[in-house]
Amino acid sequence: MADAETLRLRIYRQLADEGRVDRLGILAADIGEDERTTAALLGELERNRHVVLDERGEIELAHPFATRDFGFSVKSDRTLWWGGCAWDSFAIPHLVPGASPSLIATTCPSCGTAHAWVVDSGNPPAGEQVAHFLVPMAHVWDDVVHTCENQRIFCSEACVDEWLERSTSPRGDVFDLATLWRLASHWYSGRLEPGYRRREPTAAAAYFRDAGLTGPFWGL
Ligand SMILES: [Zn+2]
Ligand SMILES: [Zn+2]
């Protein structure tokens, strides 16, 4: 009988290889279970924060991968992925074999300017843009879709300020692309392998500090 880890690996390996994941019926057939059992295993994966399901019960996020637009495309020479946010997108070239380098593209949430970088696992990309994360780490999982939708890259601090004013949101944390790249570099290490154990953002103080992040936003 298949367990949740078998299903998790089936999902993550397809997302890594193809940038997409099959619907429930095909997942069920592949792991040799009926749809009802497979839906229960998906629910277990969601409770353990390995996937986020949409209202139809299909996979919306399996960090760092998304199955719809969250503002970022990530393209290697063989696969096109939806990145779940700035953090997730910059993680894909580190996590997926063959994904370094990838072309990561987005638009500034404030002014709509298009931005793109070639991101590899060796060195951070050049660029004056800044990342803004809205939701503090202690609250990331309160509504993780909202969290990912608001981890974006802006032209500049001025664009962050204009966007915050328009959306009447409190400021989160702003940092440069090199810091984003370091944050993303090892966060998801091991996620494509059996027996992976998730990192909790609330328990990752040393990791964040090493990436160059500080302050209460990061639990520091
Ligand atoms: Zn802008
Ligand atoms: Zn994310």
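Throughout this description, residue numbers start from 1 for each chain and increase along the sequence as written. Chain labels run from A onward and ligand labels from 1 onward, assigned in the order the entries are written. Residues qualify for local features only when their pLDDT is at least 70, as the model is predicted, and side-chain atom pairs are given and counted only at 80 or more; totals for whole chains, interfaces and linings, by contrast, use all residues. To obtain the side-chain values, all non-hydrogen atoms of the structure were used and water was disregarded.

## Topic: the packing of aromatic side chains
Thought 1: Two rings belonging to Phe, Tyr or Trp (six-membered ring only in the last case) form a pair when the distance between their centres is within 6.5 Å. Interplanar angles under 30 degrees mark stacking, angles over 60 mark edge-to-face geometry, and anything in between is tilted. This model, assessed by the stated rule, comprises 15 aromatic pairs.
Thought 2: Three or more aromatic residues joined by ring pairs form one cluster here, namely Trp-87, Phe-133, Phe-175, Trp-187, Tyr-207, Phe-208, Phe-217 and Trp-218.
Thought 3: Two conditions define a charge sitting above a ring: the NZ of Lys or the CZ of Arg must be within 6 Å of the ring centre, and it must be within 35 degrees of the ring normal. We note Arg-8 situated over the ring of Tyr-12; from NZ or CZ to the ring centre the distance is 5.5 Å.

## Let's talk about the layout of surface pockets
Thought 1: Only protein atoms enter the 1 Å grid used here. Points where a 1.4 Å probe fits but cannot escape make up a cavity, open sets with protein on both sides within 12 Å along at least five of seven lines make up a pocket, and a residue lines them when an atom lies within 4 Å of a point. Grid points are joined across faces, edges and corners, and a volume is the space filled by probe spheres set on the points. Taken as a whole, the largest pocket spans an internal volume of roughly 200 Å³.
Thought 2: In terms of residue class, the lining of the largest pocket is built from 4 nonpolar, 2 polar and 8 charged. In this classification, the charged set is Asp, Glu, Lys and Arg, the nonpolar set is Ala, Val, Leu, Ile, Met, Phe, Trp, Tyr, Cys and Pro, and all remaining amino acids, among them Gly, are polar.

## Digging into the coordination of the zinc ion (ligand 2)
Thought 1: Here a donor is any nitrogen, oxygen or sulfur atom (N, O, S) within 2.8 Å of the metal, with 3.2 Å used for Na, K and Ca; water is not among the atoms considered, so some sites may look incomplete. Only Cys-85 (SG), Asp-88 (OD) and Cys-148 (SG) from the protein coordinate the zinc ion (ligand 2), and they sit 2.1 to 2.3 Å from it.
Thought 2: Read from N- to C-terminus, the donor residues coordinating the zinc ion (ligand 2) fall into the pattern C-x2-D-x59-C. Of this pair, Cys-85 sits in the loop between strand S5 (80–83) and helix H4 (86–95) while Cys-148 sits in helix H5 (residues 144–149), and the two are 63 residues apart along the sequence. Segments assigned H or I by DSSP are reported as helices when at least four residues long, segments assigned E as strands when at least two residues long, and all are numbered from the N terminus.

## Regarding unusual backbone geometry
Thought 1: The peptide bond linking His-63 to Pro-64 adopts the cis configuration, its omega dihedral lying at 10°.
Thought 2: Of note, the bond from Ser-100 into Pro-101 is cis; its omega dihedral lies within 30 degrees of zero at 5°.
Thought 3: With respect to the helices and strands, Pro-101 occurs in the loop between H4 and strand S6 (102–107).
Thought 4: Residues other than glycine seldom take positive phi values, yet Arg-49 does so here, at roughly 65°.

## Notes on the packing of helix H1 (residues 4–18) against helix H3 (residues 35–47)
Thought 1: Fitted lines through C-alpha atoms give the axes, limited to the stretch in contact for helices. The angle between two N-to-C directions lies from 0 to 180 degrees. Between H1 and H3, whose axes approach to 9 Å, the crossing angle comes to 80°. Here H1 is positioned roughly perpendicular relative to H3, judged by the angle of their axes. Between H1, through Ala-4, Leu-7, Arg-8 and Ile-11, and H3, the contact on the second element is made entirely by Thr-38, Leu-41, Leu-42, Glu-44 and Leu-45.
Thought 2: Counted by class, the contact of H1 with H3 contains 6 nonpolar, 1 polar and 2 charged residues. Each angle is binned into one of four classes, with values under 35 degrees roughly parallel, values over 145 roughly antiparallel, values of 65 to 115 roughly perpendicular, and all other values oblique. Any two residues whose heavy atoms approach within 4.5 Å at even a single point are treated as in contact.

## Considering the coordination of the zinc ion (ligand 1)
Thought 1: Protein coordination at the zinc ion (ligand 1) comes from Cys-108 (SG), Cys-111 (SG), Cys-155 (SG) and Cys-159 (SG), with a distance range of 2.3 Å.
Thought 2: Around the zinc ion (ligand 1) sit 4 donor atoms; with metal-centred angles ranging over 95 to 117°, the donor geometry is tetrahedral.
Thought 3: In primary sequence terms, the donor set of the zinc ion (ligand 1) follows C-x2-C-x43-C-x3-C. With Cys-108 in the loop between S6 and strand S7 (114–119) and Cys-155 in the loop between strand S9 (151–154) and helix H6 (157–167), this residue pair connects regions lying 47 residues apart in the sequence. For four-coordinate sites, all angles between 85 and 135 degrees define a tetrahedron; for four- and six-coordinate sites, opposite donors beyond 155 degrees with the remaining angles between 65 and 115 define square planar and octahedral shapes respectively, and all other cases count as irregular.

## Things to note about empty space enclosed by the protein
Thought 1: Following the criterion strictly, the structure yields 1 cavity of 30 Å³ or more and no others.
Thought 2: Approximately 190 Å³ is the volume found for the largest cavity.
Thought 3: If you go around the largest cavity, you meet 17 residues; those closest to its centre are His-63, Trp-141, Trp-187, Tyr-188 and Pro-201.
Thought 4: Those elements giving two or more residues to the lining of the largest cavity turn out to be H4 and H5.
Thought 5: Residues that form the lining of the largest cavity fall into these classes: 10 nonpolar, 3 polar and 4 charged.

## Notes on the sheet that holds S5
Thought 1: In this description, strands pair whenever DSSP reports at least two bridges between them. Read across the open sheet, the 7 strands follow the order S1-S2-S3-S5-S4-S6-S7; overall the sheet is antiparallel. Two strands in the sheet have a free side with no partner beyond their single neighbour: strand S1 (52–53) and S7.
Thought 2: As defined by bridge partners, strand S4 (residues 72–75) adjoins S5 across 4 bridges and the pair is classed as antiparallel. Within S5, the position partnered with Val-74 by the bridge is Trp-81.

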